[in-house]
Each structure stands twice: as C-alpha cells, then as structure tokens.
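Residues per chain, in single letters:
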Amino acid sequence: MQRALGDILDAAARGVFPPPDGGTTVVPQDGHRDAGVIAFTAHSVVFTDEEEGWVRETLARIDCDPLAATMNPRFLTAFMERTGRTTDTIDLLTVAAPLAGPPPVDLAELDDPDHPRVVRARKRRDDVRVWAADGGVLVMGRGVAGRLEAAIEVAEGVRHRGLGRALASAARHLSGGEPVWAQQAAGNARSVRVFQAAGFRPVGAEALLAAR
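Residues numbered from 1 in each chain as written. Predicted model: local features only at pLDDT ≥ 70, side-chain atom pairs only at ≥ 80, totals over all residues. Heavy atoms only, no water.

*Asks:* Explain the environment of Leu5 here, please?
*Replies:* Here Leu5 lies in helix α1 (residues 5–13). Remark: the alpha-carbon pair of Leu5 and Pro28, spanning 23 residues in sequence, is separated by 7.4 Å. Not counting chain neighbours up to four residues away, the residues in contact with Leu5 comprise Val27, Ile38, Val45, Phe47, Val144 and Ala145. (Helix = DSSP H or I, 4+ residues; strand = E, 2+ residues; numbered from the N terminus. Contact = heavy atoms within 4.5 Å.)

Below, the structure is given as structure tokens:
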C-alpha cells in the first residue's frame with residue numbers, strides 16, 4: 001500500500017526513515033499548495049500530483065550521481081516547468097520533540113491578522129499563530145501535510161544574546177505535545193546553529209514548490 005506523505009513525516013519525527021536503498025518514493029501531494037522533494041539519507045520522497053512515470057523518466061535523464069538526482073537543479077527546474085510552480089531554496093529540514101512546562105522566554109501572542117509576519121506566514125501555512133518577545137518573533141502554523149512548523153525572527157540589535165535559541169525552544173513548549181518542524185536555508189549557518197542548540201535535529205533536505 002502506498003504510504004501517505006504525512007505518515008512518512010510522522011515516522012521521521014520518531015527517527016524512523018525510509019530505507020537507505022538509493023530509491024525514490026513518489027507520493028501524492030497532501031494538498032494543492034505544497035509539492036516538492038524531501039531527500040533523506042540515500043532515499044528521496046517526491047510529493048506531487050504529476051504522474052509517477054514522468055518523475056522517474058525525468059530523474060533517469062539527469063546526468064549526476066543517482067543519489068543526488070532529486071535535488072539536482074535540472075530536475076527541480078523540470079519539476080517547476082512541468083507544474084508551473086516556483087521555489088526559493090533547498091532547506092535543511094529539522095524536527096524536535098515537544099517539551100513540557102512554560103517557554104523559557106516571556107511571550108505575548110499577537111492577535112493581528114494584518115501583522116506582516118502573519119501575512120507572510122499565511123502564504124505557506126494554515127492556522128498561523130504569532131508570539132512576540134522583546135526583540136523577537138515566533139511564528140507557528142500548519143505546513144506540509146499538516147505538520148506543525150516554527151519560524152523565528154530576531155532583531156539585529158539583540159542578536160548573540162540567546163534570544164533565537166529561546167524562541168526556538170519556546171516552540172517546543174507551545175506545540176501541544178506534538179513534534180515541531182523547522183526549515184533552515186543550508187547557507188544560513190546562524191539559523192542552523194540556533195535551531196540545533198534548541199534541540200532540533202536534522203532529518204533531511206527539502207525543496208518546496210509553491211503554486212504561483
């Protein structure tokens with residue numbers, strides 16, 4: 001039976017990954033908004049409503065290491081041209097278990113649907129909630145396959161004081177008992193360090209293709 005994308009992500013959050021057999025699993029999109037690729041160790045998952053045959057034929061034509069084919073720019077370009085979608089970057093995909101107790105930083109939830117962070121987050125997530133701290137913002141919402149996702153923003157003037165790590169940790173306390181996912185651009189070393197310091201562990205790479 002074909003696995004759903006949500007089942008694959010739930011398993012990965014528990015540390016159970018697709019077999020590192022060099023293969024590619026193709027599954028349907030969970031919704032119209034999100035298509036893309038998640039590359040785990042030696043196994044990729046392509047989630048799309050395009051025909052599986054097209055995916056495999058296109059991958060077979062990519063002149064590169066087969067293990068890297070799903071994240072190769074030529075495949076991603078063909079994927080975008082085929083679907084009329086766009087992407088920003090390839091992210092490091094990370095996840096963390098929930099934590100009990102109150103967050104390690106004072107937060108005030110914002111109830112403002114026109115706040116810039118809310119407007120931006122709603123383009124990529126559902127059920128968006130935003131909390132403000134002194135010099136920082138935490139955003140949480142439902143992203144790919146309904147997973148709970150977190151993003152943070154820290155003002156330049158208060159960086160290097162541990163606020164980013166506190167905000168990322170706060171997401172784990174506010175998750176309601178479920179895992180929290182976060183993406184960091186591979187080149188954003190500062191963000192990668194912050195989330196890993198807050199207990200987020202890398203599970204793979206992700207390229208999201210958004211509808212125009």
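*Asks:* Where do I start with the nonpolar core in this structure?
*Replies:* The tendency in soluble globular proteins is for nonpolar side chains to be buried side by side. Core analysis: the biggest nonpolar cluster contains 21 residues, and Val105, Leu138, Met140, Leu163, Leu167, Val180 and Phe200 have the highest contact counts within it. Breaking this core down by element, the ones donating at least two residues are β7 (126–133), β8 (136–142), β9 (148–154), α5 (163–173) and β10 (180–185). In this view, Met140 contacts Asp127, Val128, Arg129, Trp131, Leu148, Glu149, Ala150, Ala171, Leu174, Ser175 and Val180; residues no more than four positions away in its chain are not counted. Ranked by size, the runner-up nonpolar core spans 17 residues in total, among them Ala39, Phe75, Phe79 and Leu209. (Core = buried A, V, L, I, M, F, W, Y, C linked by side-chain atoms within 4.5 Å. Buried < 20%, exposed > 50% of the residue type's maximum accessible area, 1.4 Å probe, protein only.)

*Asks:* How do you make sense of the pattern of salt bridges when you look at a structure like this?
*Replies:* Note on pairing: side chains with opposite charge can pair once their charged atoms come close. Within the structure shown, the criterion is met by 11 salt bridges. A salt bridge links Arg33 to Asp34, with the shortest nitrogen-to-oxygen separation between them at 3.1 Å. The closest approach of N and O atoms between Glu52 and Arg56, which form a salt bridge, is 2.8 Å. Placement of the pair is Glu52 and Arg56 together in helix α2 (residues 52–60), with a separation of four residues, close to one helical turn. (Salt bridge = Lys/Arg side-chain N within 4 Å of Asp/Glu carboxyl O.)

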